[in-house]
Amino acid sequence: MVNQLSLGANIYVVDLGTSGLVYQEQLPDFHTDLPYSGFLSNRLPQVSFAGGYASIGVTQTQPLIHASDLETTLTDDWSWVKGQHTIEAGFNLVNSTKRQNKFAQSNGTWNFSGRFTGDSVADYLLGDAESFYQESTERRPYIHGRIMAGYIQDSWKATKNLTVNYGLRISYMPMPQAQNRFEAMFYPATYDPAHAPVVNNDGTITPTANYNPTNGIVVNGENGIPQNFAYGQKWYLAPTAGFAWNVFGDGKTSLRGGYGSTQTRVFTGADCTYDCANNYPFVQSITLNHPQFPNPIGTGAAAPPGAPNLSNIDLWSKSAATIYTYSLTLEHQFPGWLVAVGGAGNHSENMPLSLDMNQPGPTGGYDYNPAINAGAYEYLYGQYLGYANLSTKQSLGRANWNALTVSAPHSVGHGLFFTGAYTF
(Lines give C-alpha, C1' and ligand atoms only; values in the text may rest on other atoms or scores of the structure.)
Protein backbone atom coordinates (compact mmCIF):
# COMPACT_ATOMS: atom_id res chain seq x y z
CA MET A 1 0.00 0.00 0.00
CA VAL A 2 1.39 3.36 -1.07
CA ASN A 3 0.09 6.90 -0.61
CA GLN A 4 1.51 9.99 -2.30
CA LEU A 5 0.51 13.54 -1.33
CA SER A 6 1.69 16.58 -3.27
CA LEU A 7 1.15 20.32 -3.06
CA GLY A 8 2.21 22.67 -5.83
CA ALA A 9 1.94 26.29 -6.86
CA ASN A 10 2.66 28.06 -10.12
CA ILE A 11 2.60 31.77 -10.90
CA TYR A 12 2.96 33.36 -14.31
CA VAL A 13 3.37 37.11 -14.70
CA VAL A 14 3.93 38.96 -17.97
CA ASP A 15 4.19 42.56 -19.08
CA LEU A 16 4.18 43.24 -22.82
CA GLY A 17 5.11 46.71 -23.94
CA THR A 18 5.15 48.23 -27.40
CA SER A 19 7.75 50.16 -29.34
CA GLY A 20 7.84 52.35 -32.42
CA LEU A 21 4.81 54.38 -33.46
CA VAL A 22 2.22 53.50 -30.84
CA TYR A 23 0.55 56.66 -29.57
CA GLN A 24 -1.20 59.52 -31.33
CA GLU A 25 1.08 62.13 -29.77
CA GLN A 26 3.98 60.59 -31.69
CA LEU A 27 2.36 61.82 -34.93
CA PRO A 28 1.74 65.57 -34.50
CA ASP A 29 0.06 65.83 -37.91
CA PHE A 30 -2.48 63.12 -37.09
CA HIS A 31 -5.64 64.00 -35.18
CA THR A 32 -8.81 62.01 -34.61
CA ASP A 33 -11.98 62.83 -32.69
CA LEU A 34 -13.18 59.55 -31.21
CA PRO A 35 -16.56 58.88 -29.59
CA TYR A 36 -14.82 57.84 -26.34
CA SER A 37 -11.60 58.91 -24.59
CA GLY A 38 -11.07 56.15 -22.02
CA PHE A 39 -8.04 54.10 -20.96
CA LEU A 40 -5.55 53.53 -23.83
CA SER A 41 -7.69 55.43 -26.32
CA ASN A 42 -4.56 57.50 -27.13
CA ARG A 43 -3.08 54.56 -29.06
CA LEU A 44 -3.03 54.87 -32.82
CA PRO A 45 -6.14 53.20 -34.27
CA GLN A 46 -6.05 49.83 -35.96
CA VAL A 47 -6.84 49.96 -39.67
CA SER A 48 -7.74 46.82 -41.65
CA PHE A 49 -8.00 46.40 -45.41
CA ALA A 50 -9.82 43.84 -47.53
CA GLY A 51 -8.10 42.27 -50.51
CA GLY A 52 -5.05 40.77 -48.84
CA TYR A 53 -3.38 43.94 -47.56
CA ALA A 54 -1.77 43.89 -44.12
CA SER A 55 -3.36 45.95 -41.38
CA ILE A 56 -1.67 48.97 -39.80
CA GLY A 57 -1.90 50.61 -36.40
CA VAL A 58 -2.06 49.11 -32.91
CA THR A 59 -4.08 46.01 -32.02
CA GLN A 60 -6.22 45.75 -28.90
CA THR A 61 -3.76 43.29 -27.29
CA GLN A 62 -0.93 45.80 -26.87
CA PRO A 63 0.26 46.86 -24.41
CA LEU A 64 -0.51 44.08 -21.90
CA ILE A 65 -0.04 45.46 -18.40
CA HIS A 66 1.00 43.02 -15.64
CA ALA A 67 -1.09 39.98 -16.48
CA SER A 68 -0.77 37.40 -13.71
CA ASP A 69 -1.98 33.81 -13.28
CA LEU A 70 -1.74 31.86 -10.02
CA GLU A 71 -2.60 28.19 -9.64
CA THR A 72 -2.32 25.92 -6.60
CA THR A 73 -2.89 22.18 -6.65
CA LEU A 74 -3.34 19.60 -3.90
CA THR A 75 -3.25 15.97 -5.03
CA ASP A 76 -3.47 12.69 -3.15
CA ASP A 77 -3.03 9.29 -4.85
CA TRP A 78 -3.41 6.02 -2.95
CA SER A 79 -2.85 2.48 -4.26
CA TRP A 80 -3.30 -0.94 -2.70
CA VAL A 81 -2.34 -4.33 -4.12
CA LYS A 82 -4.75 -6.78 -2.55
CA GLY A 83 -4.85 -10.32 -3.90
CA GLN A 84 -5.96 -10.18 -7.55
CA HIS A 85 -6.86 -6.47 -7.28
CA THR A 86 -4.83 -3.30 -7.69
CA ILE A 87 -7.04 -0.55 -6.27
CA GLU A 88 -6.29 3.14 -6.77
CA ALA A 89 -8.10 6.15 -5.38
CA GLY A 90 -7.45 9.81 -4.74
CA PHE A 91 -8.52 13.39 -5.19
CA ASN A 92 -7.40 16.64 -6.83
CA LEU A 93 -8.05 20.19 -5.70
CA VAL A 94 -7.14 22.96 -8.15
CA ASN A 95 -7.56 26.67 -7.38
CA SER A 96 -6.92 29.13 -10.19
CA THR A 97 -6.79 32.93 -10.27
CA LYS A 98 -6.33 35.16 -13.29
CA ARG A 99 -5.79 38.92 -13.11
CA GLN A 100 -5.54 40.42 -16.56
CA ASN A 101 -6.85 43.45 -18.39
CA LYS A 102 -9.63 42.59 -20.81
CA PHE A 103 -8.32 43.55 -24.22
CA ALA A 104 -10.33 46.43 -25.63
CA GLN A 105 -10.22 48.35 -28.90
CA SER A 106 -10.49 51.63 -26.98
CA ASN A 107 -8.32 53.22 -29.68
CA GLY A 108 -10.86 52.30 -32.35
CA THR A 109 -10.64 49.96 -35.32
CA TRP A 110 -11.38 50.92 -38.91
CA ASN A 111 -12.34 48.60 -41.75
CA PHE A 112 -11.90 49.49 -45.43
CA SER A 113 -13.55 47.07 -47.86
CA GLY A 114 -13.27 48.76 -51.26
CA ARG A 115 -17.02 49.34 -51.38
CA PHE A 116 -16.68 52.89 -52.72
CA THR A 117 -13.86 52.64 -55.27
CA GLY A 118 -13.38 48.91 -55.73
CA ASP A 119 -10.06 48.99 -53.86
CA SER A 120 -9.73 49.09 -50.08
CA VAL A 121 -6.53 51.19 -50.06
CA ALA A 122 -8.13 53.72 -52.40
CA ASP A 123 -11.09 53.93 -50.01
CA TYR A 124 -8.60 54.55 -47.19
CA LEU A 125 -6.87 57.38 -49.05
CA LEU A 126 -10.27 59.00 -49.57
CA GLY A 127 -11.28 58.37 -45.94
CA ASP A 128 -14.33 56.31 -46.95
CA ALA A 129 -14.54 53.53 -44.34
CA GLU A 130 -16.84 50.54 -44.41
CA SER A 131 -17.17 50.59 -40.63
CA PHE A 132 -15.69 51.84 -37.36
CA TYR A 133 -15.81 50.18 -33.94
CA GLN A 134 -14.67 51.46 -30.53
CA GLU A 135 -14.99 50.52 -26.86
CA SER A 136 -14.94 53.27 -24.27
CA THR A 137 -12.24 51.86 -21.96
CA GLU A 138 -10.34 48.76 -20.80
CA ARG A 139 -11.05 46.98 -17.48
CA ARG A 140 -9.35 44.38 -15.27
CA PRO A 141 -11.34 41.37 -14.05
CA TYR A 142 -10.06 39.11 -11.26
CA ILE A 143 -11.20 35.60 -12.15
CA HIS A 144 -11.32 32.64 -9.75
CA GLY A 145 -11.96 29.01 -10.64
CA ARG A 146 -11.98 25.74 -8.71
CA ILE A 147 -11.96 22.04 -9.51
CA MET A 148 -12.51 19.32 -6.90
CA ALA A 149 -12.36 15.74 -8.14
CA GLY A 150 -12.22 12.30 -6.57
CA TYR A 151 -11.64 8.97 -8.28
CA ILE A 152 -11.44 5.24 -7.65
CA GLN A 153 -10.47 2.44 -10.00
CA ASP A 154 -9.61 -1.23 -9.86
CA SER A 155 -7.50 -3.50 -12.02
CA TRP A 156 -8.77 -7.03 -11.38
CA LYS A 157 -7.06 -10.16 -12.64
CA ALA A 158 -10.31 -12.07 -12.93
CA THR A 159 -8.69 -15.24 -14.35
CA LYS A 160 -5.26 -16.32 -15.52
CA ASN A 161 -6.11 -15.05 -19.01
CA LEU A 162 -8.38 -12.05 -18.30
CA THR A 163 -7.73 -8.72 -16.61
CA VAL A 164 -10.54 -6.19 -16.17
CA ASN A 165 -10.23 -2.47 -15.35
CA TYR A 166 -13.03 -0.19 -14.19
CA GLY A 167 -13.26 3.12 -12.40
CA LEU A 168 -15.13 6.36 -11.84
CA ARG A 169 -14.12 10.00 -11.40
CA ILE A 170 -16.52 12.55 -9.90
CA SER A 171 -15.71 16.22 -10.48
CA TYR A 172 -17.12 19.44 -9.09
CA MET A 173 -16.26 22.11 -11.65
CA PRO A 174 -18.49 25.21 -11.63
CA MET A 175 -17.92 28.00 -14.11
CA PRO A 176 -15.29 30.48 -12.87
CA GLN A 177 -16.38 33.84 -11.54
CA ALA A 178 -15.15 37.43 -11.48
CA GLN A 179 -15.76 40.17 -8.93
CA ASN A 180 -19.34 40.48 -7.71
CA ARG A 181 -21.42 43.04 -9.66
CA PHE A 182 -18.46 43.71 -11.91
CA GLU A 183 -19.81 42.32 -15.18
CA ALA A 184 -22.95 42.40 -17.29
CA MET A 185 -24.47 40.42 -20.13
CA PHE A 186 -27.61 40.24 -22.26
CA TYR A 187 -30.31 37.83 -21.05
CA PRO A 188 -33.15 37.46 -23.61
CA ALA A 189 -35.75 36.56 -20.97
CA THR A 190 -35.52 40.10 -19.54
CA TYR A 191 -35.72 41.95 -22.88
CA ASP A 192 -38.90 43.90 -23.63
CA PRO A 193 -39.39 45.11 -27.25
CA ALA A 194 -41.59 47.95 -25.94
CA HIS A 195 -38.47 49.58 -24.47
CA ALA A 196 -36.35 49.35 -27.65
CA PRO A 197 -35.01 52.47 -29.42
CA VAL A 198 -35.10 53.31 -33.12
CA VAL A 199 -32.02 51.89 -34.87
CA ASN A 200 -30.53 54.05 -37.60
CA ASN A 201 -28.81 52.85 -40.77
CA ASP A 202 -25.40 54.18 -39.66
CA GLY A 203 -25.38 52.07 -36.46
CA THR A 204 -26.52 54.82 -34.08
CA ILE A 205 -29.80 54.73 -32.18
CA THR A 206 -32.53 57.29 -31.51
CA PRO A 207 -34.06 56.93 -28.03
CA THR A 208 -37.84 56.71 -27.82
CA ALA A 209 -40.07 57.82 -24.95
CA ASN A 210 -40.01 54.31 -23.45
CA TYR A 211 -36.37 53.56 -24.24
CA ASN A 212 -34.49 51.63 -21.54
CA PRO A 213 -30.71 51.54 -22.21
CA THR A 214 -30.29 48.46 -19.98
CA ASN A 215 -33.20 46.58 -21.55
CA GLY A 216 -32.27 42.90 -21.29
CA ILE A 217 -29.04 43.56 -19.36
CA VAL A 218 -28.31 41.59 -16.18
CA VAL A 219 -25.40 42.02 -13.73
CA ASN A 220 -23.55 39.14 -12.07
CA GLY A 221 -24.51 38.61 -8.43
CA GLU A 222 -27.53 40.90 -8.70
CA ASN A 223 -31.27 40.09 -8.67
CA GLY A 224 -30.71 36.36 -8.48
CA ILE A 225 -28.20 36.19 -11.34
CA PRO A 226 -25.27 33.92 -10.39
CA GLN A 227 -21.91 35.58 -9.88
CA ASN A 228 -20.47 33.31 -12.60
CA PHE A 229 -23.43 33.76 -15.01
CA ALA A 230 -24.16 30.03 -14.97
CA TYR A 231 -27.15 28.10 -13.67
CA GLY A 232 -25.92 25.05 -15.57
CA GLN A 233 -23.98 21.92 -14.76
CA LYS A 234 -21.43 21.80 -11.92
CA TRP A 235 -21.04 18.06 -11.24
CA TYR A 236 -19.60 15.62 -13.77
CA LEU A 237 -19.18 11.83 -13.88
CA ALA A 238 -16.39 10.19 -15.87
CA PRO A 239 -16.55 6.35 -15.90
CA THR A 240 -13.88 4.12 -17.45
CA ALA A 241 -13.77 0.40 -18.28
CA GLY A 242 -11.38 -1.89 -20.11
CA PHE A 243 -10.10 -5.43 -20.44
CA ALA A 244 -7.15 -7.48 -21.70
CA TRP A 245 -7.80 -11.10 -22.74
CA ASN A 246 -5.25 -13.78 -23.54
CA VAL A 247 -7.58 -15.47 -26.06
CA PHE A 248 -6.05 -18.95 -26.33
CA GLY A 249 -4.01 -18.91 -23.15
CA ASP A 250 -0.71 -19.29 -25.01
CA GLY A 251 0.37 -15.64 -24.76
CA LYS A 252 0.37 -15.18 -28.55
CA THR A 253 -3.11 -13.73 -29.17
CA SER A 254 -4.65 -10.93 -27.17
CA LEU A 255 -7.81 -8.88 -27.39
CA ARG A 256 -7.84 -5.52 -25.65
CA GLY A 257 -10.64 -3.03 -25.36
CA GLY A 258 -11.49 0.12 -23.46
CA TYR A 259 -13.97 2.92 -22.97
CA GLY A 260 -13.71 6.13 -21.02
CA SER A 261 -15.06 9.64 -20.72
CA THR A 262 -13.62 12.84 -19.38
CA GLN A 263 -14.40 16.56 -19.31
CA THR A 264 -12.34 19.46 -20.54
CA ARG A 265 -11.30 22.00 -18.02
CA VAL A 266 -13.33 25.20 -17.99
CA PHE A 267 -11.54 28.35 -16.92
CA THR A 268 -11.32 31.41 -19.14
CA GLY A 269 -12.20 31.27 -22.81
CA ALA A 270 -15.19 28.93 -22.68
CA ASP A 271 -17.01 31.04 -20.09
CA CYS A 272 -18.02 34.69 -19.85
CA THR A 273 -15.94 35.94 -16.91
CA TYR A 274 -13.24 37.47 -19.11
CA ASP A 275 -15.19 38.70 -22.15
CA CYS A 276 -18.17 40.02 -20.18
CA ALA A 277 -15.98 42.49 -18.27
CA ASN A 278 -16.23 44.93 -21.19
CA ASN A 279 -19.99 44.84 -21.61
CA TYR A 280 -22.49 47.69 -21.31
CA PRO A 281 -23.23 49.50 -19.00
CA PHE A 282 -19.70 49.26 -17.55
CA VAL A 283 -18.16 49.79 -20.98
CA GLN A 284 -19.83 51.57 -23.87
CA SER A 285 -19.22 50.48 -27.45
CA ILE A 286 -20.29 51.72 -30.84
CA THR A 287 -20.27 50.43 -34.41
CA LEU A 288 -20.69 53.00 -37.17
CA ASN A 289 -21.44 52.28 -40.82
CA HIS A 290 -19.64 54.28 -43.51
CA PRO A 291 -17.95 56.93 -41.28
CA GLN A 292 -15.24 59.29 -42.50
CA PHE A 293 -11.65 58.54 -41.50
CA PRO A 294 -10.10 59.72 -39.22
CA ASN A 295 -13.02 61.50 -37.50
CA PRO A 296 -15.91 59.02 -37.28
CA ILE A 297 -18.33 61.43 -35.57
CA GLY A 298 -17.03 64.69 -37.00
CA THR A 299 -14.60 67.18 -35.51
CA GLY A 300 -15.55 68.23 -31.99
CA ALA A 301 -18.83 66.30 -31.99
CA ALA A 302 -20.19 64.41 -28.99
CA ALA A 303 -20.42 60.63 -29.04
CA PRO A 304 -23.81 59.56 -30.45
CA PRO A 305 -25.71 56.76 -28.71
CA GLY A 306 -24.90 53.53 -30.51
CA ALA A 307 -26.06 49.93 -30.61
CA PRO A 308 -23.52 48.13 -28.39
CA ASN A 309 -21.82 44.79 -29.07
CA LEU A 310 -22.06 42.39 -26.12
CA SER A 311 -20.46 39.11 -25.09
CA ASN A 312 -22.81 36.59 -23.50
CA ILE A 313 -23.16 33.04 -22.25
CA ASP A 314 -26.14 30.71 -22.16
CA LEU A 315 -27.12 30.97 -18.50
CA TRP A 316 -28.80 27.57 -18.37
CA SER A 317 -26.99 25.16 -20.67
CA LYS A 318 -23.31 26.12 -20.58
CA SER A 319 -21.18 23.22 -19.40
CA ALA A 320 -17.80 21.61 -19.85
CA ALA A 321 -17.25 19.59 -23.01
CA THR A 322 -17.28 15.80 -22.56
CA ILE A 323 -15.05 13.51 -24.61
CA TYR A 324 -15.84 9.81 -24.99
CA THR A 325 -13.03 7.52 -26.18
CA TYR A 326 -13.16 3.83 -27.14
CA SER A 327 -10.93 1.20 -28.73
CA LEU A 328 -10.75 -2.52 -29.54
CA THR A 329 -7.51 -4.16 -30.71
CA LEU A 330 -6.62 -7.75 -31.69
CA GLU A 331 -2.92 -8.69 -31.56
CA HIS A 332 -1.24 -11.89 -32.71
CA GLN A 333 2.38 -12.96 -32.65
CA PHE A 334 3.67 -14.73 -35.76
CA PRO A 335 7.26 -15.94 -36.13
CA GLY A 336 9.24 -12.68 -36.35
CA TRP A 337 6.08 -10.55 -36.55
CA LEU A 338 3.60 -8.96 -34.17
CA VAL A 339 0.46 -7.89 -36.04
CA ALA A 340 -2.19 -5.66 -34.46
CA VAL A 341 -5.52 -4.68 -36.03
CA GLY A 342 -7.82 -2.36 -34.15
CA GLY A 343 -10.49 0.25 -34.15
CA ALA A 344 -10.35 3.44 -32.10
CA GLY A 345 -12.32 6.62 -31.88
CA ASN A 346 -13.70 9.46 -29.83
CA HIS A 347 -16.83 11.53 -29.71
CA SER A 348 -17.15 14.97 -28.13
CA GLU A 349 -20.31 16.66 -26.87
CA ASN A 350 -21.09 20.13 -25.46
CA MET A 351 -18.12 21.78 -27.15
CA PRO A 352 -18.17 25.60 -26.91
CA LEU A 353 -19.48 27.64 -29.82
CA SER A 354 -20.08 31.39 -30.05
CA LEU A 355 -23.21 32.34 -31.96
CA ASP A 356 -24.66 35.78 -32.64
CA MET A 357 -28.17 35.55 -31.19
CA ASN A 358 -29.00 38.91 -32.80
CA GLN A 359 -28.05 37.85 -36.33
CA PRO A 360 -30.78 38.91 -38.76
CA GLY A 361 -32.91 36.00 -39.87
CA PRO A 362 -33.53 34.88 -43.46
CA THR A 363 -36.23 36.63 -45.46
CA GLY A 364 -37.65 36.87 -48.96
CA GLY A 365 -37.02 33.22 -49.81
CA TYR A 366 -33.28 33.50 -49.14
CA ASP A 367 -31.25 31.79 -46.41
CA TYR A 368 -30.05 35.24 -45.25
CA ASN A 369 -31.30 38.83 -45.29
CA PRO A 370 -30.38 40.34 -48.71
CA ALA A 371 -30.68 43.91 -47.35
CA ILE A 372 -27.25 43.45 -45.79
CA ASN A 373 -25.65 43.20 -49.25
CA ALA A 374 -27.06 46.61 -50.11
CA GLY A 375 -24.98 48.19 -47.35
CA ALA A 376 -27.78 48.47 -44.79
CA TYR A 377 -26.80 48.31 -41.13
CA GLU A 378 -27.11 44.64 -40.27
CA TYR A 379 -28.77 45.08 -36.89
CA LEU A 380 -31.67 47.07 -38.27
CA TYR A 381 -33.06 43.57 -38.78
CA GLY A 382 -31.93 41.90 -35.58
CA GLN A 383 -34.32 40.29 -33.12
CA TYR A 384 -33.20 42.55 -30.25
CA LEU A 385 -33.37 46.12 -31.50
CA GLY A 386 -30.96 48.49 -29.81
CA TYR A 387 -28.09 45.99 -29.79
CA ALA A 388 -25.51 44.93 -32.34
CA ASN A 389 -23.60 41.63 -32.21
CA LEU A 390 -24.66 39.48 -29.23
CA SER A 391 -21.90 36.87 -29.33
CA THR A 392 -23.20 34.09 -27.07
CA LYS A 393 -21.19 31.09 -25.88
CA GLN A 394 -23.22 27.90 -25.89
CA SER A 395 -22.45 24.21 -25.39
CA LEU A 396 -23.68 23.03 -28.78
CA GLY A 397 -20.58 21.75 -30.60
CA ARG A 398 -19.95 18.12 -31.52
CA ALA A 399 -16.95 16.36 -33.00
CA ASN A 400 -15.97 12.79 -33.74
CA TRP A 401 -13.01 10.79 -35.01
CA ASN A 402 -12.94 7.09 -35.86
CA ALA A 403 -10.13 5.01 -37.27
CA LEU A 404 -9.02 1.56 -38.37
CA THR A 405 -5.43 0.98 -37.28
CA VAL A 406 -3.00 -1.70 -38.46
CA SER A 407 0.60 -2.17 -37.31
CA ALA A 408 3.17 -4.89 -37.97
CA PRO A 409 6.59 -4.72 -36.26
CA HIS A 410 9.07 -7.21 -37.72
CA SER A 411 12.24 -8.40 -36.02
CA VAL A 412 15.23 -8.93 -38.32
CA GLY A 413 17.58 -9.92 -35.50
CA HIS A 414 20.43 -8.29 -33.59
CA GLY A 415 17.97 -5.97 -31.82
CA LEU A 416 16.75 -4.38 -35.07
CA PHE A 417 13.06 -3.96 -35.85
CA PHE A 418 11.16 -2.59 -38.83
CA THR A 419 7.62 -1.35 -38.29
CA GLY A 420 4.87 -0.71 -40.79
CA ALA A 421 1.64 1.03 -39.74
CA TYR A 422 -1.49 2.31 -41.42
CA THR A 423 -4.40 4.36 -40.14
CA PHE A 424 -7.63 4.79 -42.09
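Overview of the structure. (Residues numbered from 1 in each chain as written. Predicted model: local features only at pLDDT ≥ 70, side-chain atom pairs only at ≥ 80, totals over all residues. Heavy atoms only, no water.)

1. Side note on the overall build of the protein chain
In step 1: Helix and strand counts for the protein chain come out as one helix and 20 strands.
In step 2: Taking 424 residues into account, the globule formula puts the C-alpha radius of gyration at 22 Å, and the protein chain, at 29 Å, lies well above it.
In step 3: In terms of its C-alpha atoms, the protein chain occupies a principal-axis envelope of roughly 90 × 50 × 50 Å.
In step 4: Counted over contacts in the protein chain with a minimum sequence separation of 6, partners at least 24 positions apart contribute 73%. (Helix = DSSP H or I, 4+ residues; strand = E, 2+ residues; numbered from the N terminus. Rg over C-alpha atoms; globule rule 2.2 N^0.38 Å. Contact = heavy atoms within 4.5 Å.)

2. Points about the pattern of salt bridges
In step 1: All told, the structure shown has seven salt bridges when counted by the stated rule.
In step 2: Lysine 98 serves as the salt-bridge partner of aspartate 69, at 3.3 Å between the closest nitrogen and oxygen. Taken together, the residues aspartate 69 in strand S3 (residues 64–82) and lysine 98 in strand S4 (residues 85–99) connect sequence positions 29 residues apart.
In step 3: For aspartate 69, a relative accessible area of 25% corresponds to the partly exposed category.
In step 4: Between arginine 256 and glutamate 331 there is a salt bridge, and its shortest N-O distance comes to 3.0 Å. In this pair, arginine 256 sits in strand S14 (residues 253–263) while glutamate 331 sits in strand S17 (residues 322–334), placing the two residues 75 residues apart along the sequence. (Salt bridge = Lys/Arg side-chain N within 4 Å of Asp/Glu carboxyl O. Buried < 20%, exposed > 50% of the residue type's maximum accessible area, 1.4 Å probe, protein only.)

3. Some thoughts on the state of the cysteines
Covalently bonding the sulfur atom of one cysteine to the sulfur atom of another cysteine gives a disulfide.
In step 1: One pass over the structure, following the stated rule, counts one disulfide.
In step 2: Between the sulfur atoms of cysteine 272 and its disulfide partner cysteine 276 the distance amounts to 1.5 Å.
In step 3: Here cysteine 276 falls in the buried class, since its relative accessible area comes to 0%. (Disulfide = S-S within 2.5 Å.)

4. A word on the environment of glutamine 60
In step 1: Here glutamine 60 lies in the loop between strand S2 (46–49) and S3.
In step 2: A C-alpha to C-alpha distance of 60 Å links glutamine 60 and alanine 158, two positions 98 residues apart in sequence.
In step 3: For glutamine 60, the contacting residues outside a window of four places in its chain are Arg43, Phe103, Ala104, Gln105, Glu135 and Glu138.

5. As for a nonpolar patch on the surface
In step 1: Among the surface-exposed residues, Val341, Leu404, Val406, Tyr422 and Phe424 lie close enough to one another that they form a single nonpolar patch of about 500 Å² accessible area.
In step 2: By the secondary structure assignment, tyrosine 422 is in strand S20 (residues 416–423). (Patch = residues over 30% accessible without salt bridge, like charges linked within 9 Å, V, L, I, M, F, W, Y side chains within 5 Å. Areas by Shrake-Rupley, 256 points an atom, 1.4 Å probe, with all protein chains shown as cover.)

6. As for the nonpolar core
In step 1: Leu34, Tyr36, Val47, Phe49, Trp110, Phe112, Ala129, Phe132, Ile286, Leu288, Phe293 and Ile297 form the largest nonpolar core, which has twelve residues in total.
In step 2: Ignoring sequence-local partners within four residues, the contact set of valine 47 consists of Ser55, Ile56, Trp110, Phe112, Tyr124 and Phe293.
In step 3: One finds Ala184, Ala196, Leu310 and Tyr387 within the second-largest nonpolar core, a separate group that totals eleven residues. (Core = buried A, V, L, I, M, F, W, Y, C linked by side-chain atoms within 4.5 Å.)

7. What to know about the packing of aromatic side chains
Aromatic rings considered in pairs are described by the distance between their centres and by the relative angle of their planes.
In step 1: Summed over all chains, the structure comprises 19 aromatic pairs.
In step 2: Taken together, a centroid distance of 5.4 Å and an interplanar angle of 80° make the contact between phenylalanine 112 and tyrosine 124 edge-to-face. Taken together, the residues phenylalanine 112 in strand S5 (residues 109–112) and tyrosine 124 in helix H1 (residues 120–126) connect sequence positions twelve residues apart.
In step 3: Assessed through its relative accessible area of 0%, phenylalanine 112 is described here as buried.
In step 4: Classification of tyrosine 124 as partly exposed rests on a relative accessible area of 24%.
In step 5: Relative to tyrosine 379, the ring of tyrosine 377 lies with its centre 5.9 Å away and its plane at 70°, an arrangement referred to as edge-to-face. For the pair shown, tyrosine 377 and tyrosine 379 are each scored as buried.
In step 6: Each member of the aromatic cluster is reached from another via a ring pair, and the members are Phe30, Phe49, Tyr53, Trp110, Phe112, Tyr124, Phe132 and Phe293.
In step 7: For arginine 139, the ring lying beneath its charged end belongs to phenylalanine 182, and the centroid distance is 3.8 Å. (Phe/Tyr/Trp six-rings, centres within 6.5 Å; stacked < 30°, edge-to-face > 60°. Lys NZ or Arg CZ within 6 Å of the ring centre and 35° of its normal.)

8. Re the side chain of asparagine 309
In step 1: Within the element layout of this structure, asparagine 309 appears in the loop between strand S15 (285–289) and strand S16 (310–313).
In step 2: A distance of 2.9 Å separates polar atoms of two side chains, one belonging to asparagine 309 and the other to threonine 287.
In step 3: From its side chain, asparagine 309 meets the backbone nitrogen of asparagine 389 in a polar contact 3.2 Å long. (Polar contact = N/O pair within 3.5 Å; in protein donor to acceptor, adjacent residues only side chain to side chain.)

9. As for the pairing of strand S18 (residues 337–356)
In step 1: Pairing between S17 and S18: 13 bridges, direction antiparallel. Residue phenylalanine 334 lies in a different strand from S18, and its bridge partner there is tryptophan 337.
In step 2: Two strands pair when backbone bridges link them, and S18 and strand S19 (residues 390–413) are joined in this way by 16 bridges, in the antiparallel orientation. Following the sheet pairing, histidine 347 is matched in S19 by asparagine 400. (Pairing = 2+ DSSP bridges.)

Interpretation note: all reported values are geometric properties and have no functional meaning in isolation.
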